[in-house]
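Coordinate analysis (summary)
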Amino acid sequence: MMSICNIEAEIKLLPIHEYAFLKSEDLVFSEEVRILCEKNQCGMYGTCWACPPAIGSIEECRKQCMQYEDGFLFTTATKVKNRFDMQGWLDARKEHEKLTDQVVKIFRAHYKDLLILSTEGCMVCKNCTYPDEPCRFPDRMYPATEGYGILVMQQAKLCSIKYNNGPNTVTYFSLILFNRRNNKEGS
Ligand code: SF4
């Protein structure tokens, strides 16, 4: 069976800030996170296929996650000028999504069928097709981790990953769910 060590060796070459492997049974879900989505705290609610309501109820999202046994949570931490540096935040998010693509490529080379969750919204197309047409790139569209009802702050703590990396630093998270036994080499 493909060893996690082999994946780790490849992942360590990427500019990931911190990471942890976890079991999906240890995922921290909360209905409250969805309430924040509905209050449109990040401004992405109902704007794309990657966010609620398009991704379904918290229960549906949780069920989807539970089809996987294993998870890989990771962060990037990027310096910005100050908390009003919107361009800095946007650039940091773009870099994080680019890195997520690279991590996904490694996992896809080794495992069949992944569920990939990342930052809020979707940055793939300039204009999202939501809600009129289906998503143009379902393979590149990563739903929002918190949109899925995962309490990232608590999840990070449980995984010994820092949620906050200090002043003027933006920390973004992605989560890849997979099944170790579902590796492409076969067991
Ligand atoms: S890939 Fe394009 S169509 Fe699909 S959710 Fe993202 S922006 Fe929308």
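Residues numbered from 1 in each chain as written. Predicted model: local features only at pLDDT ≥ 70, side-chain atom pairs only at ≥ 80, totals over all residues. Heavy atoms only, no water.

If you tally the helices and strands in the chain, you get five helices and four strands. The N-to-C order of helical and strand elements in the chain reads α-β-α-α-β-α-β-α-β. On C-alpha atoms alone, the chain measures out to a radius of gyration of 16 Å, which is about the 16 Å that the 2.2 N^0.38 rule sets for 187 residues. With respect to the three principal axes, the spread of C-alpha positions in the chain is 45 × 35 × 30 Å. Counting over 187 residues, the chain shows a buried share of 45%. Pairs at least 24 apart in sequence give 81% of the contacts found in the chain among residues at least 6 apart. Between the centroid of the 23 positive side chains of the chain and the centroid of its 24 negative side chains there is a distance of 4 Å. (Helix = DSSP H or I, 4+ residues; strand = E, 2+ residues; numbered from the N terminus. Rg over C-alpha atoms; globule rule 2.2 N^0.38 Å. Buried < 20%, exposed > 50% of the residue type's maximum accessible area, 1.4 Å probe, protein only. Contact = heavy atoms within 4.5 Å. Lys, Arg positive; Asp, Glu negative; His and termini not counted. Charge placed at Lys NZ, Arg CZ, Asp CG, Glu CD.)

What follows deals with the packing of aromatic side chains. Scanning all chains against the criterion turns up ten aromatic pairs. Between the aromatic rings of Phe107 and Phe178, the centroid separation amounts to 5.0 Å while the plane-to-plane angle is 65°, which identifies the pairing as edge-to-face. Highlighted residues: Phe107 in helix H4 (residues 86–110) and Phe178 in strand E4 (residues 169–178), separated in sequence by 71 residues. Clustering of aromatic rings is evident, with ring pairs tying together Tyr19, Phe21, Phe72, Phe74, Phe107, Tyr111 and Phe178. (Phe/Tyr/Trp six-rings, centres within 6.5 Å; stacked < 30°, edge-to-face > 60°.)

This part covers the environment of Leu177. Topologically, Leu177 is positioned in strand E4. Judged by its relative accessible area of 0%, Leu177 falls in the buried class. Between the alpha carbons of Leu177 and Leu99 there is a distance of 16 Å; along the sequence they are 78 residues apart. Every residue in contact with Leu177, bar those within four places of it in the chain, is listed here: Leu27, Cys65, Tyr68, Asp70, Gly71, Asp113, Leu114 and Leu115.

Attention now goes to the side chain of Ser174. Secondary-structure assignment places Ser174 in strand E4. Overall, the relative accessible area of 0% leaves Ser174 in the buried class. Within the structure, the side chain of Ser174 is placed 2.9 Å from the side chain of Thr100, a separation counted as a polar contact. (Polar contact = N/O pair within 3.5 Å; in protein donor to acceptor, adjacent residues only side chain to side chain.)

A pair of packed helices is captured by two measures, namely the crossing angle of their axes and the spacing between those axes. Following both chains from N to C, one finds helix H1 (residues 4–11) and H4 inclined at 155°, their axes separated by 10 Å at the closest point. Considering their axes alone, H1 and H4 lie roughly antiparallel with respect to each other. Note on packing geometry: the crossing formed by H1 with H4 is right-handed. Residue-level inspection shows Ile7, Glu10 and Ile11 of H1 in contact with H4, the latter providing Ile106, Phe107 and His110. (Axes fitted to C-alpha atoms, helices over the stretch in contact; angles between N-to-C directions. Parallel < 35°, antiparallel > 145°, perpendicular 65-115°, else oblique. Left-handed = near helix turned anticlockwise from the far one by under 90°.)

This next bit is on the layout of surface pockets. If you add up the space inside the largest pocket, you get close to 1,000 Å³. When contributions to the lining of the largest pocket are tallied by element, the ones reaching two or more residues are helix H2 (31–38), H4, helix H5 (152–158) and E4. The element best represented in the lining of the largest pocket is E4, accounting for five residues. The residue makeup of the lining of the largest pocket, split by class, is 20 nonpolar, ten polar and four charged. In this structure, the second largest pocket encloses a volume near 200 Å³. (1 Å grid on protein atoms, 1.4 Å probe; cavity = no way out; pocket = protein on both sides within 12 Å on 5 of 7 lines; lining within 4 Å. Points joined across faces, edges and corners; volume = space filled by probe spheres on them. Nonpolar A, V, L, I, M, F, W, Y, C, P; charged D, E, K, R; others polar.)

All right, on to helix H3 (residues 58–65) then. Along H3, the residues classified as buried are Ile58, Cys61 and Cys65. Along the long axis of H3, the arc covered by the buried residues comes to 65°, so they all point the same way. Looking at the buried positions of H3, the neighbouring elements they touch are H2, strand E3 (115–117) and E4. (Arc of directions from axis to C-beta.)

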